[in-house]
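Descriptive structure summary
Read off the chains here:
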Amino acid sequence: MLEHVTLPDISGKVNVGFWCSIHYTLTNTSIEKCDLPEPSADFYPDATGLKTSMSGLSVALSGQWMTHFGIIHDKGSFDMAILGVDVTSVVELGKDADGHLSVSSANCVAQVGDVDVRFHGGASWIFKRFVKHFKKRISKEIENRICPNVEELIASVEYHLQAMNVSFEVDPAMAMNLSLSTSPTIDVSSLNLGLKGEFFSEKTRADPPFEAQPFTMPEQQAFMLSVGLSEFTLNSASYVYYSYGVFQRFIDDSMIPPGFPLHLNTSLMGPYVPQLPKMFPGLLMDLHVYARDTPMFSFQPGAVKLGIQGAVKAFAIQPNGTQTPLFQLNIDLTLSSKVWIADGKVKGSVSTDNFTLTLAGSEVGSFGTDALENIARKVVEMGLEILNKRLGRGLVLPRLKRAQLVNSVLKVQEGFIALFSDADVFLTDRGFNQQN
């Protein structure tokens, strides 16, 4: 950015003896070369923020000078070297009432080590007698301008932070709240941000019937970044979808593969429900499959569990198209999965921990469910086989705008799952844009 900066004019006067003054203006000042040292950035617990500093910045400038003494005007050029500039800025981090991250300037100090000025052309020999005056004046001007510009940049960052949405739509049924739940905390080696991480319905805004439990991320000094996701986040999404009616499906016989041992026709259901061929012969059937309650995730060391309480309602389709209820089966299923990262992809496998099928109600009388449970178990196993093939191929880790996660490790802990990672940052040749 310094390469494109044009510095403001500097005007003043130089007293010549006791009886007159020469008025001058240094104008069209631009930066020709910049020796930019490596800046440093540190977490700064004293201000709950960040401390950035740069020491030994040197800049070469050029421009024009103009003078007038009464009706006499003169002009020429000058070269200037600003040497040993030190800048230290402390930025305080906080949280506003809406959960936005906020930044403010807590402190800024700027010092100029030395200034060397050389004037050319015109009556520049006059200025050589007053170089000491110019050095003090220019040093003070530059020192006075650095911190206000730093503070202006920080204010610009604050403006954009306040304009950012802390919640966003995921799909027509659901949005996600990523507002800060607490103020940022900082120690000498890390910055910790706690985000609400709750999915919600934009239509109802109803709170889930469970609360988020606090969890503590283990310190991993070997990694640049640690991200923890609690059970609450996944379960809040599951609750929204359950409330929205997403976890249900209607199945008819046209959706059953031809070679499958069970078909939705009352006359073919005799081996499983003996009463059906007698009471409702030759009728097609529909199944309404749905969740009886919110499917719930739980994180346990090394494994992700998912408990599903489902139900199946069976109906016979009468010749006039009306549906006659037949029976209801309850299904209770617990899945267990392992997840890991390999080759830059999230991979996993899912297995069945528990599966039971019971008769919850019947309009055709009681019947055994062992045979139907075996069929349902095979359906679940077929679905898991397809899912595990996809999980084995893996999902590519998300890529940030100008960074890629590397050396990533995924660990499942009690109540949360943690991602530990480093990041490769990609530099670009584009000009600096404060909006990015």
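Residues numbered from 1 in each chain as written. Predicted model: local features only at pLDDT ≥ 70, side-chain atom pairs only at ≥ 80, totals over all residues. Heavy atoms only, no water.

**Some details on helix α5 (residues 370–393)**
Relative to the 34 Å expected for 24 residues at 1.5 Å per residue, α5 spans 35 Å between its end C-alpha atoms, a close match to the ideal helical length. When α5 is considered as a whole, its buried residues turn out to be Leu372, Glu373, Ile375, Ala376 and Leu384. Close packing links the buried residues of α5 with β19 (323–342) and β20 (345–362). A positive backbone phi angle near 90° is found at glycine 394, which sits one or two residues after α5. (Helix = DSSP H or I, 4+ residues; strand = E, 2+ residues; numbered from the N terminus. Expected span 1.5 Å × (residues − 1). Buried < 20%, exposed > 50% of the residue type's maximum accessible area, 1.4 Å probe, protein only. Contact = heavy atoms within 4.5 Å.)

**Here's the deal with unusual backbone geometry**
If you check the backbone angles, asparagine 28 has positive phi at about 50° while not being a glycine. Note that asparagine 28 resides in strand β3 (residues 20–35). Its relative accessible area of 48% is what places asparagine 28 among the partly exposed residues. Despite not being glycine, asparagine 407 shows a phi value in the positive range, around 55°.

**A word on the state of the cysteines**
Within this structure, the stated rule accounts for 1 disulfide. We note that cysteine 34 lacks a disulfide partner, and the nearest cysteine sulfur, in cysteine 108, lies 17 Å from it. (Disulfide = S-S within 2.5 Å.)

**Thoughts on the pattern of salt bridges**
With the rule as written, the count across this model stands at 8 salt bridges. Measuring nitrogen to oxygen at the nearest pair gives 3.7 Å for the salt bridge that ties arginine 118 to aspartate 116. The exposure class assigned to arginine 118 is exposed, which follows from its relative accessible area of 55%. The exposure class of aspartate 116 is partly exposed, given its relative accessible area of 33%. (Salt bridge = Lys/Arg side-chain N within 4 Å of Asp/Glu carboxyl O.)

**Describing the sheet that holds strand β9 (residues 167–171)**
Ordered in space as β9-β10-β13, the 3 strands form an open sheet in which the pairing is antiparallel. If you trace the sheet from one side to the other, it starts and ends with β9 and β13 (198–200), each paired once. Sheet twist, expressed as the average angle between the axes of neighbouring strands with direction ignored, equals 30°. With 3 bridges connecting them, strand β10 (residues 174–177) and β13 associate as antiparallel partners. Each residue of the ladder has a partner; that of methionine 176, found in β13, is phenylalanine 199. Relative to the sheet, helix α3 (residues 231–244) contacts β9, β10 and β13, its axis offset from that of β13 by approximately 5°. (Pairing = 2+ DSSP bridges. Axes fitted to C-alpha atoms, helices over the stretch in contact; angles between N-to-C directions.)

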